[in-house]
Amino acid sequence: MSSSIEEIVSVIGANRVGDRPAQVDWILTDSRSLCFPEETLFFALKTKRNDGHKYIEELYARGVYNFVVTEIPKKMQGCKDINFLVVSNVLKALQRLAAKHREQFDVPVVGITGSNGKTVVKEWLYQLLSPERRITRSPRSYNSQIGVPLSVWMMDSHTELGIFEAGISEMGEMEALEPIIRPTIGVLTNIGGAHQENFTSLQEKCMEKLLLFKDCDVIIYNGDNELISSCVAKSLFAAREIAWSMKDVERPLFVEKIEKDATGTTVKYRYLGFFKEYRIPYIDDASIENSLNCLAVALYLMVSPETIAERMACLEPVAMRLEVKEGKNGCVLINDSYNSDFASLDIALDFMARRSEGKMRRRTLILSDILETGQPGKLLYRQVADLVHSRGVDRLIGVGEEISAASARFEVKDKQFFQTTKELIASGVLASLRGDVVLVKGARAFHFDEVTDLLELKVHETILEINLNALVDNLNYYRNKLKPETKLMCMVKASAYGAGPFEVAKTLEEHRVDYLAVAVADEGADLRKAGITCPIIIMNPEVTAFKTMFAYRLEPNIYGFRILEDLIKAAEREGVSNFPIHIKIDTGMHRLGFDPYNDMKPLVERLNRQSAVIPRSVFSHLVGSDSSRFDAFTRKQIETFEAASAELQAGFTHKILRHICNTAGIERYPGAQFDMVRLGIGLYGIDPYTNRVLHNVSTLKTTILQIHNVSADETIGYSRKGVLHRDSRIATVPIGYADGLNRHLGNGNAYCLVNGQKAPYIGNICMDVCMIDVTGIDCKEGDKVVVFGDDLPVTVLSNALDTIPYEILTNVSNRVKRVYFQD
Ligand SMILES: *Cc1c(COP(=O)(O)O)cnc(C)c1O
């Protein structure tokens, strides 16, 4: 949808500086996602940590001429060919523009909020309702203060129904989202503990969420949930309610019966006096709840119960994940099983472009027809071709009749087209990919899982899954505790606490952390080779690795005079000058560091007599910040550090950054942030003070290889240690102490989860496999086993072993493949 710049100026009440004629088709908030510069309007958003104004010059150089700003950057004040729309609050301007856009449409709009299930309900509604309606919906889970306006902006004259998610993490946010979505149909999926940090109670959060439904015609929710019911009652909305219930026959949508069997669930219900039923191919409670919310919306929109039943039976799972895996022949495989539509293709291509930055890898896209309703084919593929071109795809493999017919539109160096997935597979083209970044994106009907199967490197059935969204959530959780000017160093030493260094570093770099820290120079060099450009600090530099550090600009910690002399000598020999170093002071750990009382003076003198290296920061490490028992000692460490670092600073005219807090320090000593903090374990989801898991990042998973029925008089495993007390079902799983499963967890000292139920380890854990007791657990060979993860916190294992979660996480061995995903 296109708007003139004049319209936009008047909607957002901006003061326009510049008079370049312009038409706006695209809204941009993240400079890295730029695609169509000429028709783009960039909103220079200011967040606590970043400022879009910093990217204006770069965007201008790339051909963007329209900016919404709070002030015009000094350097650009003379530029005549730019439109600056000056406002007092850029986010508010974006939201107002979207709200105004929404006003033009008199169509039903479903607004979905709740703690879980928003995206599934949105996508299932799409599956249930789209055959006869043109639907505009939020891409992926674009549900934030920025994501919602961007989603609503996608409504156009073809839209017959809108479906948008709204997610909030603090008070006041829903009030801003409500006028943008302006739902006519409100769905509250459920209320749980997610994003609870900024709310005093679940009730407060629930009331805030309900604000979305202020002017709805109808509100849909689980009437059996007492909290939700009482909050809805308290809200005093005029809207009609469709509360569904399994208990209360008085509710408008009464669920009479839920029958689960091996392949699905049959739901019998009563609505407006009719008795009807449907079946879904799922048996978990969350899916059943999600389907009931969808049912209520569909009934309200007068879809016939027969049509609903027909479509419910074939509801497809919503794979929200974009997975990064190791492929065959050195390829990196990005598998985006998310819906095939233009918006999600854009996001996936953006992701691929960023992952291959600096690595000089060829970018290959395997793309099927885009089965999006409501878009004329010609226009759609012209847009797709533009997108593919501007995102720097080097090789395109298209599959399907429509994309093949549009083959001439694609300006890609290397392109091939196939009518069907079968033809692609038969061609042998897949085997020819070497070292590429390959993005696989296909509509469901094309069964691209067969393609990824062929490309994927087949591994051990034990994997460590890393949730990159959770990592970012944790990052933001700790960032919110920092003063805006405090810099942030993130620890990615020990392969990012076991999570695997590259994807984690890349994600952190994207979120603009100030420093990454690794243990040794080789780890840093690997990150550089993989394309990481942000400053990297080496915690334990070795004298033999100085050349590597100079070559890759890896900044060493310097903890004593001997290593300082060696470094200066090496730098002088290599002709290096002003190389940044970080001075470590020993304030009580007594591991490594300069003496705070006696070393500062000679250190300043020595540093001032040379120009090979320059102190960039000075720091120390707390020994007991995670325990109130050591508070007095911690305060003394901080005081000592303050005095010694001030003495060092006094010897120089340039600013030397000071830092002492680790994760627990950030949490417990907000007054000791100095100029920077060092975030480690918290990033990976563990709060070291409470030993609780914030947002779980890593899940160690395996599968059942075999199940034996063993009689009570037998034993399991080596040395006959696994003594049975009853006839038992014993499952064998392919993980052992060589994978990092500590042998002391055996013999019933801990358990894993099989289909959500606790299965104790029985007998001694072997090198590569172990046995678990699954007596009474509904499971079969091939089922998933969770060693630690969302529902089995890693702290359960560390407690059982009388150790700390750090050790469990970093012990997962390298042969366990890491698989990354993000929603
Ligand atoms: C590992 C490390 C950290 C991070 O500690 P966490 O407890 O994981 O937050 C901070 N500083 C230094 C010097 C470290 O070695």
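Residues numbered from 1 in each chain as written. Predicted model: local features only at pLDDT ≥ 70, side-chain atom pairs only at ≥ 80, totals over all residues. Heavy atoms only, no water.

K.L.:
Help me get a handle on the overall build of the protein, residues and values and all.
P.N.:
Within the protein, the regular secondary structure consists of 26 helices and 43 strands. Here the protein has a C-alpha radius of gyration of 29 Å; the compact-globule value for 823 residues is 28 Å, and the two agree. Projected onto the principal axes, the alpha-carbon positions of the protein cover approximately 90 × 90 × 65 Å. Counting every position in the protein, which comprises 823 residues, the buried fraction comes to 56%. Here the analysis covers contacts within the protein between residues at least 6 apart in sequence; of these, 65% occur between residues at least 24 apart. A total accessible area of about 34600 Å² is found for the protein, and carbon and sulfur atoms account for 49% of it. (Helix = DSSP H or I, 4+ residues; strand = E, 2+ residues; numbered from the N terminus. Rg over C-alpha atoms; globule rule 2.2 N^0.38 Å. Buried < 20%, exposed > 50% of the residue type's maximum accessible area, 1.4 Å probe, protein only. Contact = heavy atoms within 4.5 Å. Areas by Shrake-Rupley, 256 points an atom, 1.4 Å probe, with all protein chains shown as cover.)

K.L.:
Report on unusual backbone geometry, specifying residues and quantitative values.
P.N.:
The phi angle at Arg 720 is positive, at roughly 50°, despite the residue not being glycine. Relative to the elements of secondary structure, Arg 720 occurs in the loop between strand 36 (715–716) and strand 37 (722–723). Phi angles above zero are rare outside glycine, and Asn 747 is one such case at about 55°. Take Asn 747: its relative accessible area is 33%, and that puts it in the partly exposed class.

K.L.:
With reference to specific residues and values, describe the packing of aromatic side chains.
P.N.:
Aromatic rings considered in pairs are described by the distance between their centres and by the relative angle of their planes. Summed over the entire model, instances satisfying the criterion amount to 13 aromatic pairs. A centroid spacing of 5.0 Å and a plane angle of 85° characterise the contact between Phe 550 and Phe 579, whose relative ring orientation is edge-to-face. Taken together, the positions of Phe 550 in helix 20 (residues 546–552) and Phe 579 in strand 28 (residues 579–584) put the pair 29 residues apart, joining distant regions of the chain. In this pair, the class of Phe 550 matches that of Phe 579, namely buried. An aromatic cluster of at least three residues, connected via ring pairs, comprises Phe 42, Phe 67 and Phe 84. It is Arg 137 that lies over the ring of Tyr 126; its NZ or CZ is 3.6 Å from the centre. (Phe/Tyr/Trp six-rings, centres within 6.5 Å; stacked < 30°, edge-to-face > 60°. Lys NZ or Arg CZ within 6 Å of the ring centre and 35° of its normal.)

K.L.:
Which residues make up the environment of Arg 382, and what values do they have?
P.N.:
The residue Arg 382 is located in helix 12 (residues 377–390) in this model. Through-space distance from the C-alpha of Arg 382 to that of Cys 770 is 55 Å; in sequence the pair is 388 residues apart.

K.L.:
Quick one: what's the story with the site of the ligand, residue by residue and with numbers?
P.N.:
Residues in close proximity to the ligand include Met 491, Lys 493, Tyr 497, Met 539, His 621, Asn 662, Thr 663, Arg 678, Gly 680, Ile 681 and Tyr 806, which together make up its full environment. A distance of 2.5 Å separates an oxygen atom of the ligand from a polar atom in the side chain of Thr 663. Tyr 806 places a polar side-chain atom, nitrogen or oxygen, 2.6 Å from an oxygen atom of the ligand. Coverage of the ligand by the protein chains reaches 92% of its 390 Å² of free accessible surface. For the shell around the ligand, the residue count by class is five nonpolar, four polar and two charged. (Near = heavy atom within 4 Å. Polar contact = N/O pair within 3.5 Å; in protein donor to acceptor, adjacent residues only side chain to side chain. Nonpolar A, V, L, I, M, F, W, Y, C, P; charged D, E, K, R; others polar.)

K.L.:
Any chance you could break down the domain arrangement of the protein for me, citing the residues and the numbers?
P.N.:
Each assigned domain of the protein is listed here: domain 1 (3–93), domain 2 (105–312), domain 3 (323–458), domain 4 (465–693) and domain 5 (698–822). Taken over C-alpha atoms, the centre of domain 2 sits 38 Å from the centre of domain 5. (Domains from an automatic or database assignment.)

K.L.:
Give me the packing of helix 4 (residues 118–129) against helix 9 (residues 285–300): which residues, what numbers.
P.N.:
Put simply, helix 4 and helix 9 touch, their axes get as near as 9 Å, and they point 50° apart. The angle between helix 4 and helix 9 places the two elements in the oblique class. As helix 4 packs across helix 9, the resulting crossing turns out to be right-handed. Packed against helix 4, whose contacting residues are Val 120, Val 121, Trp 124, Leu 125, Leu 128 and Leu 129, the element helix 9 presents Ser 287, Asn 290, Ser 291, Asn 293, Cys 294, Val 297 and Ala 298 at the interface. Considered class by class, the residues forming the contact of helix 4 with helix 9 number nine nonpolar, four polar and no charged. (Axes fitted to C-alpha atoms, helices over the stretch in contact; angles between N-to-C directions. Parallel < 35°, antiparallel > 145°, perpendicular 65-115°, else oblique. Left-handed = near helix turned anticlockwise from the far one by under 90°.)

K.L.:
Describe the pairing of strand 10 (residues 161–165), with residues and values.
P.N.:
In terms of burial, strand 10 is a largely internal element, five of the five residues being buried. When strand 9 (residues 135–137) meets strand 10, the two strands line up parallel, connected through three bridges. Paired with Thr 136 across the strands is Gly 162, a residue of strand 10. Note on the crossover from strand 9 through helix 5 (residues 147–152) to strand 10: the handedness is right-handed. (Pairing = 2+ DSSP bridges. Right-handed = clockwise from strand over helix to strand, strands pointing away.)

K.L.:
Could you give an account of the pairing of strand 19 (residues 363–368), naming the residues involved and the relevant values?
P.N.:
Most of strand 19 is tucked away, with six of its six residues classed as buried. Both faces of strand 19 are covered, namely the face carrying Arg 363, Leu 365 and Leu 367 and the face carrying Thr 364, Ile 366 and Ser 368. Bridge count for strand 19 against strand 20 (residues 395–399) is five bridges, and the pairing is parallel. Across the sheet, the residue bridging to Leu 365 is Leu 396, located in strand 20.

K.L.:
Give a description of the UniProt feature "modified residue: N6-(pyridoxal phosphate)lysine" (unreviewed entry) in the protein that names residues and reports values.
P.N.:
According to UniProt, the positions carrying the feature "modified residue: N6-(pyridoxal phosphate)lysine" (unreviewed entry) are Lys 493. As for its position among the elements, Lys 493 is in helix 17 (residues 493–497). Classification of Lys 493 by relative accessible area gives partly exposed; the value is 28%. Excluding residues within four positions of it along the chain, Lys 493 makes contact with Ala 517, Val 518, Ala 519 and Glu 523. (UniProt positions renumbered as here; feature names shortened; annotations may be inferred.)

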